[in-house]
Amino acid sequence: MVVQQLYKVLSDDGKIITETSYTLSKNKLVEMYQDMVRARLFDEWMLKIHPMGRVSRFPPSIGQEASMIGSIHALEPGDWVFPTYREFPVFLARKTPLQELFNRMFASKLDILKGHEITLYGNRDRRIVVPSGPVALMIPVAVGFAMALKHKGEKDICIAYFGDGATSKADFHEGTNLAGVFKTPIILFCQNNQYAISLPVAKQTASRSIAAKATAYGIASERVDGNDILAVYEATRKAAERARTGEGPTLIEAYTYRIGPHTTADDPRTYRTEEEVKKWLQKDPIKRFRKHLENLGLWNKEKEEKLISDFKEELRKVTMETEKIEPPNPETILQDVYSEIPWFLEEELEELNR
Amino acid sequence: MANITLAQAVNQALREEMRRDDRVIVLGEDVGKRGGVFLCTEGLYEEFGPERVIDTPLSESAIIGAALGMAMYGLRPVAEIQFADFIYGGFEQIVSNVAKIRYRSGGQFGAPMVIRAPYGGGVKGGMYHSQSPEAYFAHTAGLKVVIPSTPYDTKGLLITSIRDEDPVVFFEPKRIYRAVREEVPEGDYTVPIGVARVAREGDDVSILTYGACVYDALAAADKAEKEGISVEVIDLRTLVPFDKDAVVKTVRKTGRPIIVHEAPKLCGFGAELSAFIAEREILSLQAPILRVTGFDTPFPLVHEHLYLPNENRIFKAIKKSIEF
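Everything numeric here is computed off the predicted structure, so don't read it as measured data.

Quick word on the domain arrangement of chain A
Here comes step 1: Once the domains are mapped, chain A shows domain 1 (26–323) and domain 2 (330–354).
Here comes step 2: Computed over C-alpha atoms only, the centres of domain 1 of chain A and domain 2 of chain A are separated by 35 Å.

Looking at the UniProt feature "domain: Dehydrogenase E1 component" (unreviewed entry) in chain A
Here comes step 1: When the UniProt feature table is mapped to this numbering, "domain: Dehydrogenase E1 component" (unreviewed entry) covers residues 35–330 of chain A.
Here comes step 2: End C-alpha atoms of residues 35–330 of chain A are separated by 36 Å, and the span's content is 44% helix alongside 11% strand.

Some details on helix α3 (residues 60–72) of chain B
Here comes step 1: For α3(B), spanning 13 residues, the distance from its first C-alpha to its last is 18 Å, which sits close to the expected 18 Å at 1.5 Å a residue.
Here comes step 2: Two residues or fewer past α3(B), B:G74 is found with a positive phi of approximately 95 degrees.

Thoughts on the domain arrangement of chain B
Accessible area lost during the coming together of the parts is what is often quoted as the interface size.
All names here are of chain B.
Here comes step 1: For chain B, the assigned domains are domain 1 (2–184) and domain 2 (197–323).
Here comes step 2: Centre-to-centre separation of domain 1 and domain 2, based on C-alpha positions: 26 Å.
Here comes step 3: Together, the buried faces of domain 1 and domain 2 total about 2100 Å²; carbon and sulfur atoms form 56% of this surface.
Here comes step 4: Contact with domain 2 buries surface across domain 1, with I147, S149 and R175 losing the most and accounting together for 23% of the total.
Here comes step 5: Where domain 1 packs against domain 2, one counts four salt bridges.
Here comes step 6: Run the count over domain 1 and domain 2 and you get 14 residue pairs in polar contact (both at pLDDT 80 or more).
Here comes step 7: Where the side of domain 1 that touches domain 2 is concerned, the elements lending two or more residues are α6 (134–138), β6 (144–146) and α7 (151–163).

Conventions and cut-offs
- Residues numbered from 1 in each chain as written.
- Chains lettered and ligands numbered in written order.
- Predicted model: local features only at pLDDT ≥ 70, side-chain atom pairs only at ≥ 80, totals over all residues.
- Heavy atoms only, no water.
- Domains from an automatic or database assignment.
- UniProt positions renumbered as here; feature names shortened; annotations may be inferred.
- Helix = DSSP H or I, 4+ residues; strand = E, 2+ residues; numbered from the N terminus.
- Expected span 1.5 Å × (residues − 1).
- Buried area = accessible area lost by both parts, 1.4 Å probe.
- Salt bridge = Lys/Arg side-chain N within 4 Å of Asp/Glu carboxyl O.
- Polar contact = N/O pair within 3.5 Å; in protein donor to acceptor, adjacent residues only side chain to side chain.

Right under this line is the structure:
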């Protein structure tokens, strides 16, 4: 079986090894880098404060920043995002205020999801749709959403994020097939981070690449080095153009690695070796992109230090602020089940308040 | 006014709503040129075209998931699942996404959509073309469950369901798709969700039922009348939210409730009604609450007439109740 080569733009030392179709402005390059660093700091902070007990659980994205930030920056602000539980960098890239994210993380009274769920998030105003807990379930939904966009003649498209594990679910196959049949304006963005909790991708599928699965559905695919932000950007831009010009969906496989645990409830030492993690740490997407920016003279040590200390201070402040906010009222348990409260929930509300 | 069948009432409701509201989209297997295997969508493809009458791949999870996505972006999808027996392929979408999107998103998104499916036995369909899976959906917070039994109610309730802001699982009793006819007004009218219908007034025994069983209950009531027993038949029409006032009223009136449905007894919707009556109206009871239901087996083929709560089985329950 021929496995599509991984598309790369940056060498490990940050040099351009493949010419790209799209040129990014210096400001954009710096913004993308800053988003990556903030995403990493956000994750590290969450892992640090999780033992304090206010955050139900947290799925870190450490190691996958290039995949997430590179892809979201390749889209327009009006495009609709269907993340999984792990895509917090996407919220940061769409400039979600930290206070808003922390209200969600801590399930405070100001949480727009009203404390109904663990740390999944979505905000319609930012065109990011709240994910489902079970994996892959939002793929057909995103496809239907994109069908509705097309039906109404909108130029906006959808991106659905999912992991390698999701490709074993029926919903991936049914959704991808449907997207192909109707030439739906959607990007199916798979981050192959090598593990679904403990299961390595080789045991998830006998297929040697996720991108190969696109062939069977008659849709375009890209197989890209997920730790190379410029390669991810390029592949996603191409896919977005296909979607916007009526050429239909693209399955992107971003080949990357989950450096951290599945969530704070997981201990990866039980199923993988330290050597393996060390090997992938050498391929850190942030370091690689920093070298590139340094080569271009766009970044230096002082800028790095300032970015880190400013954002850490912001994280610390927001954490302290959010600590002071109470949890939502108990009545929120019974809200948003239906558009109007039916009689049996009214009775249960009385029982709750008795 | 035209004398039409229940299947034609489905068709008329869809056609009129699609004419009235261009957000209404029909999708499912064979719903286009074929007009659906029961012809409920006949002629819609010709009138509204492939953009609004969408023949989908054979893919229940995709049908329901995509319908949800459409609903979230402002369309009003009506998804057809060819037989209720095939709905399980989309079960996770219904239970984990459709039912929960409003709650999960803190009210940012709703799921104004209808999932239609022919259900029930009596058509020599065997175990995969005869099931009554309504209890699974009644048990899931966030869904409404509607089951009409007459052409008039079918049209009025389907229109209401399409206009509802919440997802409605709409089961159509296929045994009587063409067996019942009545005068149904053309044009716009609605029947409210959550309101039962008194299909027959009576004083001695109450039958609480829905769907095709309404007719078996009415036949049993006729038989009982000949023995001087006056039976009231309540057609629930909606299971979630069911009409609690109608249930209380008839139980207070007769004190002898019998619940009838095709679905198996164990944890069937009758169990909920039975618990509701026991919790609130135990002092109104003159006899134990009885249930006449399908047996706790997969749906059988050869002896389906014995499995179904037919006139005789219901009549026996009426006698048992009255003689208690």
